[in-house]
Amino acid sequence: MVKSAEIIERMRTAGRMAAEVLTVTADAVTVGITTDELDAICHQATIERGAYPSPLNYHGYPKSVCTSVNEVICHGIPDSRPLGDGDIVNLDVTVYLDGVHGDTNATVGVGEVDECLERGIGAVVPGRPISDIGRAIQRHAEGAGFGVVRNYCGHGIGEVFHSSPQIPHYFEPSATTVMEPGMTFTIEPMITIGSWRHLMWDDGWTAVTADGRRTAQFEHTILVTPTGAEVLTQLA
């Protein structure tokens, strides 16, 4: 799980590119645009930077970005539905560049839910167990009256899109893997205003809240350093 200095440097580059592509795609969000159009924008922004959109054809996923609208927790497939005034949409962007992946996402039009991501990043300390991350997120979210989705988690990333360790966003005592400098993984809490339970659509990808209430998500790819965390998926 610990990456070499050479792989980490490639991941810094891929992470910055993912942040650029996410920014370009998010800037295009407006009333009336379809998520298919956002997918095309994301795809073009990725390709013109010399990278490949990691989700495209990943285990059969048919698009270059995941667009999760309103009650959709994650993995929403872009389609012809126009975004309406008052909708929220999560854009999950991953790019594959020079043999490694950079993975990030943000929800457009949501208030301060991204605070949970910052709490999780703040809990990244070498020598401490992975469970500290979920503990910090759950304590903050539930203290503010929100729910934390249990069925999806962060993950190791690098030359492989999804790998060990898994990063629960709630306190899970069995998540005993100790964080070490050189580890790279995502923190991507999914926060709900109602039930944290989920249902799956028949497409096999789209996960929605069981009660149909809204959910939001933010994500960064993190490098564990000797003193804490370095966020790889942010603009320089």
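Residues numbered from 1 in each chain as written. Predicted model: local features only at pLDDT ≥ 70, side-chain atom pairs only at ≥ 80, totals over all residues. Heavy atoms only, no water.

### Quick word on the overall build of the protein
(1) Moving on: A tally of helices and strands in the protein yields four helices and 15 strands.
(2) Moving on: Expected size for 236 residues packed as a compact globule is a radius of gyration near 18 Å; at 17 Å, the protein falls within 12% of this value.
(3) Moving on: C-alpha atoms of the protein, sized along the principal axes, occupy 45 × 40 × 30 Å.
(4) Moving on: Taking all 236 residues of the protein together, 51% fall into the buried category.
(5) Moving on: For the protein, long-range pairs separated by at least 24 residues make up 68% of all intrachain contacts whose partners lie at least 6 apart in sequence.
(6) Moving on: Accessible area of the protein: about 9,900 Å², with a carbon and sulfur share of 51%. (Helix = DSSP H or I, 4+ residues; strand = E, 2+ residues; numbered from the N terminus. Rg over C-alpha atoms; globule rule 2.2 N^0.38 Å. Buried < 20%, exposed > 50% of the residue type's maximum accessible area, 1.4 Å probe, protein only. Contact = heavy atoms within 4.5 Å. Areas by Shrake-Rupley, 256 points an atom, 1.4 Å probe, with all protein chains shown as cover.)

### Comments concerning the sheet that holds strand S6 (residues 147-148)
To summarise the sheet geometry, strands pair through backbone hydrogen bonds and adopt either a parallel or an antiparallel arrangement.
(1) Moving on: The strand order S6-S10-S13 describes an open sheet built from three strands, whose pairing is antiparallel. Only two strands of the sheet have a single neighbouring strand rather than two, namely S6 and strand S13 (215-217).
(2) Moving on: Two strands pair when backbone bridges link them, and strand S10 (residues 190-192) and S13 are joined in this way by three bridges, in the antiparallel orientation. Opposite Ile191, over in S13, you have Ala216 as the bridge partner. (Pairing = 2+ DSSP bridges.)

### Digging into helix H2 (residues 35-47)
(1) Moving on: A rise of 1.5 Å per residue sets the reference length of H2, with its 13 residues, at 18 Å; its end C-alpha atoms lie 18 Å apart and thus fit the reference within 8%.
(2) Moving on: Buried residues in H2 make contact with helix H1 (5-27), strand S1 (52-53), strand S2 (66-69) and strand S4 (89-97). (Expected span 1.5 Å × (residues − 1).)

### Some details on the sheet that holds strand S11 (residues 198-200)
(1) Moving on: Read across the sheet, three strands follow the order S3-S12-S11 without closing on themselves; strand pairing throughout is antiparallel. Each having just a single partner strand, strand S3 (72-74) and S11 make up the two edges of the open sheet. Direction aside, the axes of adjacent strands within the sheet are offset by 40° on average. (Axes fitted to C-alpha atoms, helices over the stretch in contact; angles between N-to-C directions.)

### Points about unusual backbone geometry
(1) Moving on: The peptide bond linking Ser164 to Pro165 adopts the cis configuration, its omega dihedral lying at 0°.
(2) Moving on: With respect to the helices and strands, the residue Pro165 is situated in strand S8 (residues 163-167).
(3) Moving on: Non-glycine residue Asn70 carries a positive phi angle of around 55°.
(4) Moving on: Positionally, Asn70 belongs in the loop between S2 and S3.
(5) Moving on: Despite not being glycine, Asp98 has its phi angle at roughly 55°, a positive value.
(6) Moving on: One can find Asp98 in the loop between S4 and strand S5 (100-108).

### Quick notes on the environment of Ala18
(1) Moving on: By secondary structure assignment, the location of Ala18 is in helix H1.
(2) Moving on: Accessibility expressed as a relative area gives 0% for Ala18, which makes it buried.
(3) Moving on: Sequence separation between Ala18 and Val100 is 82 residues, and the spatial gap between their C-alpha atoms is 11 Å.
(4) Moving on: Dropping the residues within four chain positions of it, Ala18 is found in contact with Val93, Val95, Gly102, Asp103, Thr104 and Thr233.

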